[in-house]
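Examination of the molecular architecture
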Amino acid sequence: MAAATASLNAAHLASLAAPRHYEDNPATRDTPWIKWMILTLSLLFFAGFLLLPLATVFVEAFKKGWDVYLAAISEDDALSAIRLTLIAALIAVPMNLVFGISAAWAIAKFEFRGKQLLITLIDLPFSVSPVVAGLIYVLLFGAQSWVGPWLIEHDLKIMFAVPGIVLATIFVTFPFIARELIPLMQAQGKDEEEAAIVLGASGLQTFWHVTLPNIKWGLLYGVILCNARAMGEFGAVSVVSGHIRGVTNTMPLQIEILYNEYQFAAAFAVASLLALLALVTLVLKTYIEWQAARSARDSQQG
Amino acid sequence: MSPPRHKPFRVLPGFNLTLGYTLLYLSLLVLIPLSAVFIKTATGGWDHFWLTVTSPRVLASFRLSFGMSLLAAAINSVFGLLLTWSLVRYRFPGRKIVDALIDLPFALPTAVAGIALTAIYAPKGWIGSLATAYGIRIAFTPWGVLLALIFIGLPFVVRTVQPVLEDLEVELEEAAASLGAPRWETFRRVTFPALLPALLTGFALAFARAVGEYGSVIFIAGNIPMVSEITPLMIITKLEQYDYTGATGIAAVMLLLSFILLFIINGLQVWSTRRIGRTV
Amino acid sequence: MSIQVQNIRKQFGSFTALNDVSLDFPTGELVALLGPSGCGKTTLLRIIAGLEQADSGNVILEGNDASSTSVRDRQVGFVFQHYALFRHMTVFDNIAFGLRVKPRAERPSENVIRKKVTDLLKLVQLDWLADRFPSQLSGGQRQRIALARALAVEPRVLLLDEPFGALDTKVRKELRRWLRRLHDELHITSIFVTHDQEEALEVADRVVLMNHGEVEQLGSPEEVWGAPKTPFVYSFLGAVNLFHGRSAPGEVQVGEQSLEHAGDALPAGTEVIAFARPHELDIDTDLSQPNGIRARITRIRAFGLTAHIELERNGPNDSVQHNEVELTLDRLVALQLRAGLEVRLVPSNLKVFQNPSPSTLSADHYIASGI
């Protein structure tokens, strides 16, 4: 499946590195009134649909002043929600990182039957509704499931507990890193790795000294997007969490509870933290794109 | 002469390890859990499944989810194309910031987007109060659902079309101009056909995402039965009633749709690769 | 170190890349594997390196069967076609890589590594580039760094895949001479793959000509150029005029006309191909003589030491055949040739082969391959 998320796209990087000047070329220049019409329409759309909600989060968060804001985000339930969100991301992201590297290595460096099917299957979680993603783990581990009675008997909690939240988070962020690395490593081929092997390097040495430096931007890119989604996931986590305050609430769930209790300022205060995370993610993402564009341009020189 | 060797030969190490781990991880976390949906649906029996998915409330949710998702994807295709055109073709102050913020719906947690949109469009919100003055209600109606789905789908269109437009050879338009074609004819006959596969892919991706979307919709929808209940909410409602087979029945329908969409999108890719020699 | 390959076969799906290839590469020689693309030369090189595995057959390094030795342990130096320099490492780190990844027990100290890399940089005459990144180098410089990197681990053999393929003509010529001198200094057994006959003939001690996965001829540049053993070698090396005909006593019949041919007699009536280099054809303006083939001059290029005469003649089925003759300028003046003149082509030397596949090569023609 194509760009189901943002990705380090070669064409985009090329245009970042060497922007074309369409407006200087009579063949690609639009007449001024067309240009202004398109610009106005698209920027109004952008402002209305993207900018306005973002601004609203911060305006609403500070509506009742700093004190309310600080109190809202330092309250016990909020803190425990922040902690749980961090834990879930801290487990899910490294798990998917190892998986992503492993899948990309197998797919990009070797030929085997069914490769295309495997790539499609890795993308599958992106096309599954988050609610369904939560549901599948309820079906597997819930009280009514085959293993449910056994889990209860041994006092193992998966559903409505941290393990379920982690599982759901892993599922919804599953493809992020793999799908970033696969096309990147495929495009880079295996010449450099073969050269390293001929020179006597072991598999790990080759990966560490040759492959990893070449994919570092793509890897970081995937990690950052994976992390943003892991910390922000709502639907899937909502199904498996059980909404136990201070215990199984992540930040997005905490926002829901506060909002439904009409504590709007508090809800937006917690939301503003996540919005900040989103902005940091976008800044890092843009920075990585520029770095990757630069190194792509550098390696094409000469 | 040594006998023919049948064991596949690989210069780089780690094939068995990485492929094995990939398949194991994929099976345990994705494939087996997903198949549980179909197994559970099957154990509930056909009659129960059919009764669930054809009950008026569920049917109304299908109509709402699919209808609004199609509409949102269509609106995003139009405005996404305009926005992409602006980003690629024009220089204007703040272009890089706009470009970076296009991905906001990917980065902003859906629950945050949901409460923000509600705050704007609720009867007491900035825009909602204006609309109410003219007797229009946005939040807590299907139109609220549409707004949230537009928000969530926009980057899919822009990010799919953008690299294709960036990669498009200027020479094509130069050639068309040198042959005397007016600007609009050049767009209609040269540029747009080259963008079409990407645009359709972006449409399909935005649609697929919208159908399954939950977090950003749930706050603004109002969740009025038969009016503004989306399909994912129906799954949660069934779960809360401990109707597991009912929930999985609806989930199975949604999964099936996802697979069909995935199939269509892959088909679009093949088509565009054949047509313009690159994937989007 | 000597290299032998024995009965190597390699199949990619239904495509036969190598069909029972056996070759001996003597110690210390620089050998070129020459052939058109798809002839299997790169596959053979990769099999010798251990980057590819033959379906059957053996690779013998210094008398020992290395067929099951992994590429890491074969101690071969391999220079990739596109160099495969590690793009994120400096030139210095690229060359040092092979030494730094040795097991701790065998790894030289950092001082020894520094000394060695510096020496290699001097050897390839690029010691001033140590801190640059590959992207900051020209193609020719990258090529030499790739070679230095391969030499750092003191390989027993050096294998180069199209070493000058990606370079422009001028750099290519310089690097060719440089590689030859380097080989004369080091005397390491080396094999390089090329599709460029000029490159192979100019640089190598020996040339292996390959086509369709088989070895056509092996010999010194003089041998393969002067005494081509097969029609393929004849037409692959240098420009050549081709005539299809039937063998007859003392001549080759081409349609209604005939070319004189003494020597190796094939049974009369055999379908043959006759080859003559442009300088092995003479032009006779006297049309009354019976021997030779009639043709019309279309263009005369009289610059340089010799003149090139382009001719056309009618072939079977209304086709037009092209030929080229090389004459001295004196001869050109003596004959008073001009475009449009009808003349006879008379070979001074003709090489005749039995036509291996009469159906595939139906038209006579001139093959211009540039030397």
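How each quantity is defined
- Residues numbered from 1 in each chain as written.
- Chains lettered and ligands numbered in written order.
- Predicted model: local features only at pLDDT ≥ 70, side-chain atom pairs only at ≥ 80, totals over all residues.
- Heavy atoms only, no water.
- Helix = DSSP H or I, 4+ residues; strand = E, 2+ residues; numbered from the N terminus.
- Buried < 20%, exposed > 50% of the residue type's maximum accessible area, 1.4 Å probe, protein only.
- Contact = heavy atoms within 4.5 Å.
- Areas by Shrake-Rupley, 256 points an atom, 1.4 Å probe, with all protein chains shown as cover.
- Lys, Arg positive; Asp, Glu negative; His and termini not counted.
- Charge placed at Lys NZ, Arg CZ, Asp CG, Glu CD.
- Rg over C-alpha atoms; globule rule 2.2 N^0.38 Å.
- 1 Å grid on protein atoms, 1.4 Å probe; cavity = no way out; pocket = protein on both sides within 12 Å on 5 of 7 lines; lining within 4 Å.
- Points joined across faces, edges and corners; volume = space filled by probe spheres on them.
- Nonpolar A, V, L, I, M, F, W, Y, C, P; charged D, E, K, R; others polar.
- Pairing = 2+ DSSP bridges.
- Phe/Tyr/Trp six-rings, centres within 6.5 Å; stacked < 30°, edge-to-face > 60°.
- Lys NZ or Arg CZ within 6 Å of the ring centre and 35° of its normal.
- Buried area = accessible area lost by both parts, 1.4 Å probe.
- Salt bridge = Lys/Arg side-chain N within 4 Å of Asp/Glu carboxyl O.
- Polar contact = N/O pair within 3.5 Å; in protein donor to acceptor, adjacent residues only side chain to side chain.
- Right-handed = clockwise from strand over helix to strand, strands pointing away.
- Axes fitted to C-alpha atoms, helices over the stretch in contact; angles between N-to-C directions.
- Domains from an automatic or database assignment.

This next bit is on the overall build of chain C. From N to C terminus, chain C includes nine helices and 21 strands. Dimensions of chain C, computed from C-alpha atoms along their principal axes, come out at roughly 85 × 45 × 30 Å. Taking all 371 residues of chain C together, the buried fraction comes to 53%. Pairs at least 24 apart in sequence give 68% of the contacts found in chain C among residues at least 6 apart. Carbon and sulfur atoms make up 48% of the accessible area of chain C, which totals about 16600 Å². Between the centroid of the 40 positive side chains of chain C and the centroid of its 47 negative side chains there is a distance of 8 Å.

Before going further, it helps to spend a moment on the overall build of chain B. The helix and strand tally for chain B stands at 13 helices and zero strands. For 280 residues, the compact-globule formula gives about 19 Å, and the C-alpha radius of gyration of chain B, at 24 Å, lies well above that figure. In terms of overall dimensions, chain B has a C-alpha envelope of 70 × 65 × 30 Å along the principal axes. Here chain B holds 280 residues, and the buried ones make up 58% of them. Across chain B, contacts joining residues at least 24 apart in sequence account for 75% of those joining residues at least 6 apart.

The next point concerns empty space enclosed by the protein. Where empty space is left can be seen by rolling a probe of water-molecule size over the atoms. In this structure the tally under the stated criterion is six cavities of 30 Å³ or more. Quantified by volume, the largest cavity comes out at close to 460 Å³. Of all the secondary structure elements, the ones that give two or more residues to the lining of the largest cavity are α6 (130-141) and α11 (203-232) of chain A together with α5 (104-107), α10 (183-212) and α13 (244-276) of chain B. Within the lining of the largest cavity, the residues separate by chemical class into 24 nonpolar, eight polar and four charged.

On to the sheet that holds strand β2 (residues 15-25) of chain C, then. All names here are of chain C. Strand order in this open sheet of four strands is β2-β1-β4-β5, and the pairing throughout is antiparallel. Looking along the sheet, the strands with just one partner apiece sit at the ends: β2 and β5 (64-65). Looking at chain direction, strand β4 (residues 56-61) and β5 are connected through two bridges and run antiparallel. Residue pairing across strands places leucine 61 opposite asparagine 64, the latter belonging to β5.

Attention shifts here to the packing of aromatic side chains. By the definition in use, this model includes 35 aromatic pairs over all chains. Between tryptophan 46 of chain B and tryptophan 50 of chain B, the aromatic rings sit 5.6 Å apart at their centres with planes inclined by 15°, giving stacked as the arrangement. Placement of the pair is tryptophan 46 of chain B and tryptophan 50 of chain B together in helix α2 (residues 46-53), with a separation of four residues, close to one helical turn. Residue classification places tryptophan 50 of chain B among the partly exposed positions, given a relative accessible area of 46%. Arranged with centres 5.8 Å apart and planes meeting at 25°, the rings of tryptophan 184 of chain B and phenylalanine 187 of chain B form a pair that is stacked. Here the residue tryptophan 184 of chain B and the residue phenylalanine 187 of chain B both occupy positions in helix α10, the gap between them amounting to three residues, near one helical turn. Given the relative accessible area of 56%, tryptophan 184 of chain B is considered exposed. An aromatic cluster of at least three residues, connected via ring pairs, comprises Phe234, Tyr259, Tyr262 and Phe264 of chain A together with Tyr214 and Phe219 of chain B. One residue, lysine 35 of chain A, lies across the ring of tryptophan 36 of chain A, its end atom 5.0 Å from the ring centre. Arginine 149 of chain C extends its terminal NZ or CZ atom over the ring of phenylalanine 86 of chain C, reaching a point 4.6 Å from the ring centre.

Right, let's get into the interface of chain A and chain B. With 103 residues of chain A in contact, the opposing surface of chain B contributes 102 residues. Between chain A and chain B the total buried area reaches about 9100 Å² when both faces are included, carbon and sulfur atoms providing 77% of it. On the chain A side of the interface with chain B, the three residues burying the most area are Tyr22, Phe45 and Leu50 of chain A, jointly 7% of the side's total. The interface formed by chain A and chain B holds four salt bridges in total. For arginine 91 of chain B, the salt bridge goes to aspartate 24 of chain A, with nearest N and O atoms at 3.2 Å. Linking chain A with chain B are 21 residue pairs in polar contact (both at pLDDT 80 or more). Here the element with the most residues in the side of chain A that touches chain B is helix α2 (residues 32-61) of chain A; it accounts for 20 residues. Class assignment of the residues belonging to the side of chain A that touches chain B gives a composition of 67 nonpolar, 22 polar and 14 charged.

Another aspect to go through is the pairing of strand β8 (residues 189-194) of chain C. Residue and element names in this part refer to chain C. When you tally the buried positions in β8, you get six out of six residues, the bulk of the element. In this sheet, β8 lies alongside strand β7 (residues 157-161) in parallel orientation, the contact comprising five bridges. In the strand pairing of β8, leucine 160 is matched with phenylalanine 192. In this view, the connection linking β7 to its parallel neighbour β8 by way of helix α5 (residues 169-186) has right-handed handedness.

This part covers unusual backbone geometry. Residue and element names in this part refer to chain C. For alanine 84, which is not glycine, the phi dihedral falls at a positive 50°. Structurally, alanine 84 can be placed in the loop between β6 (76-79) and α2 (91-100). You will see that glutamate 154, though not glycine, has its phi angle at about 50°, which is positive.

What follows covers the sheet that holds strand β18 (residues 320-328) of chain C. Residue and element names in this part refer to chain C. One open sheet accounts for five strands, arranged β15-β19-β16-β17-β18; its pairing is antiparallel. With one partner strand each, in any of the chains shown, β15 (281-284) and β18 form the two edges of the open sheet. Sheet twist, expressed as the average angle between the axes of neighbouring strands with direction ignored, equals 45°.

Turning our attention to the domain arrangement of chain B. Residue and element names in this part refer to chain B. Splitting chain B by domain gives domain 1 (15-44) and domain 2 (45-279). Placing a centre on the C-alpha atoms of domain 1 and another on those of domain 2 gives a separation of 28 Å. On the domain 2 side, the residues contacting the eight residues of domain 1 number 12 residues. Buried area between domain 1 and domain 2, summed over both chains or domains, comes out near 780 Å², and the portion from carbon and sulfur atoms is 79%. Area buried by domain 1 at its contact with domain 2 is led by Phe38, Thr41 and Gly44, which between them contribute 57% of it. The tally of links between domain 1 and domain 2 comes to zero salt bridges. Between the two partners, domain 1 and domain 2, sit three residue pairs in polar contact (both at pLDDT 80 or more). Partitioning the side of domain 1 that touches domain 2 into residue classes produces four nonpolar, three polar and one charged.

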